[in-house]
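What follows is each chain in one-letter form.
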Amino acid sequence: MMALDESGRTAANHADPADPSRRRLLVGLLTAYTASLIPWALAQEVPDEQRGAFMALSAILVGRPSLDATQATRTYDALVANDARFPADAQALLALINERHIDPLQLQATLDNEHSPLAPLPRQIMRAWVLGVVGSGDSARCIAYESALNAVMVADVLKPPTYAYGSYGSWSGKPV
Amino acid sequence: MAAPASADIVVIGAGIVGALAARRLAQQGASVLILEAGPRLERARIVAAFRNSPLKGNWMAPYPPSPWAPHPIYVPKDNGYLVQAGPYPYPAEYIRAVGGTTWHWAAQAWRLVPNDVRIRSLYGVGVDWPLSYEELDPWYQEAEEILGVAGADNTGSPRQHPFPMAPVAEPWSMRRVRERLAPTYAVVANTVARNSRGYDGRPACVGNNSCQPICPVNAQYLGINAVESAEAAGAKVVPNAVVYRIEHDAKGRIAAVHYYAPDKSEHRVTGKTFILAANGIESPKLLLLSASSTYPNGLANRSGMVGRHLMDHPSTSLTFYADEELWLGRGPQSPSSINTLRDGAFRSRHAPYRLDFTNISQVLNVTNDLIREGVYGAEFEKQLRWRAARQINVKNVLEVLPNPDNRIALSSEKDAMGIPKPEAHYAIDDYTRRGAEVSKADFAKIAELMGGTGLRYSAEGHFANNQHITGTLSMGNDPASSVVDGFGRTHDHENLFVCGTGVMPTAATMNSTLTAVALALRTAEHILPAKQAHAATTHAGHEADRA
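Residues numbered from 1 in each chain as written. Chains lettered and ligands numbered in written order. Predicted model: local features only at pLDDT ≥ 70, side-chain atom pairs only at ≥ 80, totals over all residues. Heavy atoms only, no water.

1. Focus: the confidence of the model for chain B
Part 1 of the reasoning: On average, chain B scores 96 in pLDDT, and the residues at 70 or more come to 97%.
Part 2 of the reasoning: Low pLDDT (under 50) marks residues 535-547 of chain B, which in the prediction has 16 contacts with non-local residues, meaning those over four places away or in another chain. (pLDDT = per-residue confidence, 0-100. Contact = heavy atoms within 4.5 Å.)

As structure tokens, this is what we get:
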């Protein structure tokens, strides 16, 4: 069990969340172009540049207005555990997007066409966030299910399989 | 506690079929011992295993095989248990565990249509069954009352008595499909072992949409329900008992079965009557394994037909986007079908088929498609919702004719216990392929009526398998061309019976479990007639009616 400090926060979350030096860090990782893709990131806190690059990339790829910080930590840690080069690759990919103003919809095709060594990265990050799966084959791990973003994105209409939709027959009505 | 070493009835296989035969015999006062190769499973652990699995699209993932009783696994890679001899792959899936393969099934509990058992006489193809639909009818009824089957009367299978339950409430998606396909096609509610109300102590469905791999709430009848009811009737179950040989005496009667415990210690169990109910692959494997100097080709195999006539239901399919929001994934997975193509004069030329609509949530498939396509940014969520709301799939469920070349044999490869693995020889013939070709016109018409766009037919020449393992121990009146008689008794061994989908001489177009259960109940009655016919089973239904 994680130790709680006197204020009830976990040790891992000990730093003051309003610390402006942490807040500035993510802003500093973005250019005007990437900041325009994720304007909310200006208020996002990150503990270091590597996690900052991951958060920025994540935000660009999944296109959501906010990302859960706890799940981000869990996802990042799993991606690093899966591939020790992940932090450096993530920084390199963010730098590339910053530099060349690559549209998220063109990103995969661009990397594939250029045979970039970074080409697998967007899919790894997407799989982690939207499927809750990190790694592949025998080393694949599930890190999220109900909170995987593909469940969250349809949560107003569907429950994740194995969760009850509702009382008997509640599925007969028009969905939305 | 040591497992009993003898019983009146020894059943090999604790799946839905073996357990319900065992239950009926135990209710008549027989001592019954069920030997199951696999372990006991717990529902809650299966649910957790699915939620924690990185392979949500692979419903076998929550059912890892035990080392002593392996079953086929293909994802993330083939574990090599079911050896493929070709020419066409037969990647059958099943579960070796207490409760068997119906731990995960769609609970489609169809009857045959009457002409299914007479296709040789009527259409000049396949074989006739050694019994009529009318003879099966009361056994279907008994099976339906035990399982708790919900269904509608307009599916083409006549009946003398009402279904135990009204059809399960129709999901919105299927309502729209039914409305928009009428009057060109009649879309009907599937006949399912799923509760549309509280029944026999189990609750009504609450729409978890995970019938496969696991119903979390016990609203769907599973093999484990059958096992528990057999135990309640007095049957004993021995899990992790890997039967590897059936022993006969000098007169050709079965004297005992031999099993390994996981530590490979050897055990022998004697009995008066033996029922082999280990499924359409493991049952013939065991008969072939039990060859002796008297029966060099294996037990019950004077005809040479053990393992032959392997059948299943291959499917081709069409996936497309409807022009309105359907949102598959609300309610149970398999609610509706088109049944009008299951029979007709065309059966002399091509395979009949049922057309099956899925109501499985499309979110996972759509997510994988979008990631594969590299759709990122705000467009991802927009596309996910658009596609998950509109994507729909229809597949055919095609009949395969019995062909002795399609068979289960013993492989030269062995499993971890040193037991030869099963080996599948399989091909899909022109009769079935012609049926698939004809059904394409139905797929196209259905898409047109649903305003379909983005039509994606399954790859040409590719058939998905439905895990309805049929044949391999076919019943018939002629001992030269069949393995068991019309009551499931092996032609060669007076006290050895076979229960399971393997005894079905043809596969027809419906999921095979209910027919196998009905035949097994009939076999049980033949072995030991009920003191008061059907009393035990109708009781459950009437109790629930009062509830």
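2. Side note on the interface of chain B and chain A
Part 1 of the reasoning: At the junction of the two partners, chain B supplies 50 residues and chain A supplies 45 residues.
Part 2 of the reasoning: Carbon and sulfur atoms supply 63% of the area that chain B and chain A bury against each other, a total of about 3,900 Å² over both sides.
Part 3 of the reasoning: Ranking the residues of chain B by area buried against chain A places Arg51(B), Arg330(B) and Tyr376(B) at the top, with a combined share of 21%.
Part 4 of the reasoning: Summed over the shared surface of chain B and chain A, the number is 3 salt bridges.
Part 5 of the reasoning: Counting only elements with at least two residues in the side of chain B that touches chain A, the list comes to helix H2 (43-51), helix H8 (363-373) and helix H9 (378-390) of chain B.
Part 6 of the reasoning: Considered class by class, the residues forming the side of chain B that touches chain A number 25 nonpolar, 15 polar and 10 charged. (Buried area = accessible area lost by both parts, 1.4 Å probe. Salt bridge = Lys/Arg side-chain N within 4 Å of Asp/Glu carboxyl O. Helix = DSSP H or I, 4+ residues; strand = E, 2+ residues; numbered from the N terminus. Nonpolar A, V, L, I, M, F, W, Y, C, P; charged D, E, K, R; others polar.)

3. Some details on the packing of aromatic side chains
Residues and elements named next belong to chain A.
Part 1 of the reasoning: Within the structure shown, the criterion is met by 12 aromatic pairs over all chains.
Part 2 of the reasoning: Taking 6.1 Å as the distance between ring centres and 65° as the angle between the ring planes, the aromatic pair formed by tyrosine 76 and phenylalanine 86 counts as edge-to-face. Of the two residues, tyrosine 76 sits in helix H4 (residues 69-82) while phenylalanine 86 sits in helix H5 (residues 86-100), which places them 10 residues apart along the sequence.
Part 3 of the reasoning: Judged by its relative accessible area of 1%, phenylalanine 86 falls in the buried class. (Phe/Tyr/Trp six-rings, centres within 6.5 Å; stacked < 30°, edge-to-face > 60°. Buried < 20%, exposed > 50% of the residue type's maximum accessible area, 1.4 Å probe, protein only.)

4. Considering the environment of Asn208(B)
Part 1 of the reasoning: Structurally, Asn208(B) is set in the loop between strand S4 (187-189) and helix H6 (223-232).
Part 2 of the reasoning: Not counting residues within four places of it along the chain, the set of residues in contact with Asn208(B) comprises Pro160(A), Pro161(A), Thr162(A), Tyr163(A), Ala164(A), Tyr165(A), Pro216(B) and Val217(B).

5. Here's the deal with the side chain of Arg64(A)
Part 1 of the reasoning: Summarising the element assignment, Arg64(A) is placed in the loop between helix H3 (49-62) and H4.
Part 2 of the reasoning: One polar contact links Arg64(A) to Glu381(B), side chain to side chain, over a distance of 2.8 Å. (Polar contact = N/O pair within 3.5 Å; in protein donor to acceptor, adjacent residues only side chain to side chain.)

6. Considerations on the nonpolar core
Part 1 of the reasoning: Counting residues in hydrophobic clusters, the biggest one holds 104 residues, and the most contacted among them are Val32(B), Leu35(B), Leu147(B) and Ile275(B).
Part 2 of the reasoning: Take this core: its biggest share by element is 9 residues, from helix H11 (residues 513-527) of chain B.
Part 3 of the reasoning: Core analysis: the next-biggest nonpolar cluster, separate from the first, contains 59 residues, Leu57(A), Leu96(A), Ile97(A) and Val366(B) among them. (Core = buried A, V, L, I, M, F, W, Y, C linked by side-chain atoms within 4.5 Å.)

7. Quick word on the pattern of salt bridges
Part 1 of the reasoning: In the structure shown here, the tally under the stated rule is 40 salt bridges over all chains.
Part 2 of the reasoning: Of the charged contacts, one joins Asp156(A) and Arg385(B) as a salt bridge, the two residues approaching to 2.7 Å between their closest N and O atoms. On the criterion of chain membership, the pair formed by Asp156(A) in the segment after helix H8 (149-152) and Arg385(B) in helix H9 is interchain, its members lying in two chains.
Part 3 of the reasoning: Taking the relative accessible area as the measure of exposure, Asp156(A) reaches 52% and is therefore exposed.
Part 4 of the reasoning: The partner of Arg387(B) in a salt bridge is Glu373(B), and the shortest N-O contact between them spans 2.8 Å. Here Glu373(B) lies in helix H8 and Arg387(B) lies in helix H9, a separation of 14 residues in the sequence.
Part 5 of the reasoning: Because the salt bridges share partners, they merge into one network encompassing Arg175(B), Arg176(B), Glu179(B), Arg180(B), Asp323(B) and Glu324(B).

8. A closer look at the packing of helix H4 (residues 133-147) of chain B against H11(B)
All names here are of chain B.
Part 1 of the reasoning: Remark: H4 packs on H11, axes separated minimally by 8 Å, with the N-to-C direction vectors making an angle of 105°. Relative to H11, the element H4 lies roughly perpendicular. Where H4 abuts H11, its residues Glu135, Leu136, Trp139, Tyr140, Glu142, Ala143, Glu144, Ile146 and Leu147 lie against Leu514, Thr515, Val517, Ala518, Leu519, Leu521, Arg522 and Glu525.
Part 2 of the reasoning: Partitioning the contact of H4 with H11 into residue classes produces 11 nonpolar, 1 polar and 5 charged. (Axes fitted to C-alpha atoms, helices over the stretch in contact; angles between N-to-C directions. Parallel < 35°, antiparallel > 145°, perpendicular 65-115°, else oblique.)

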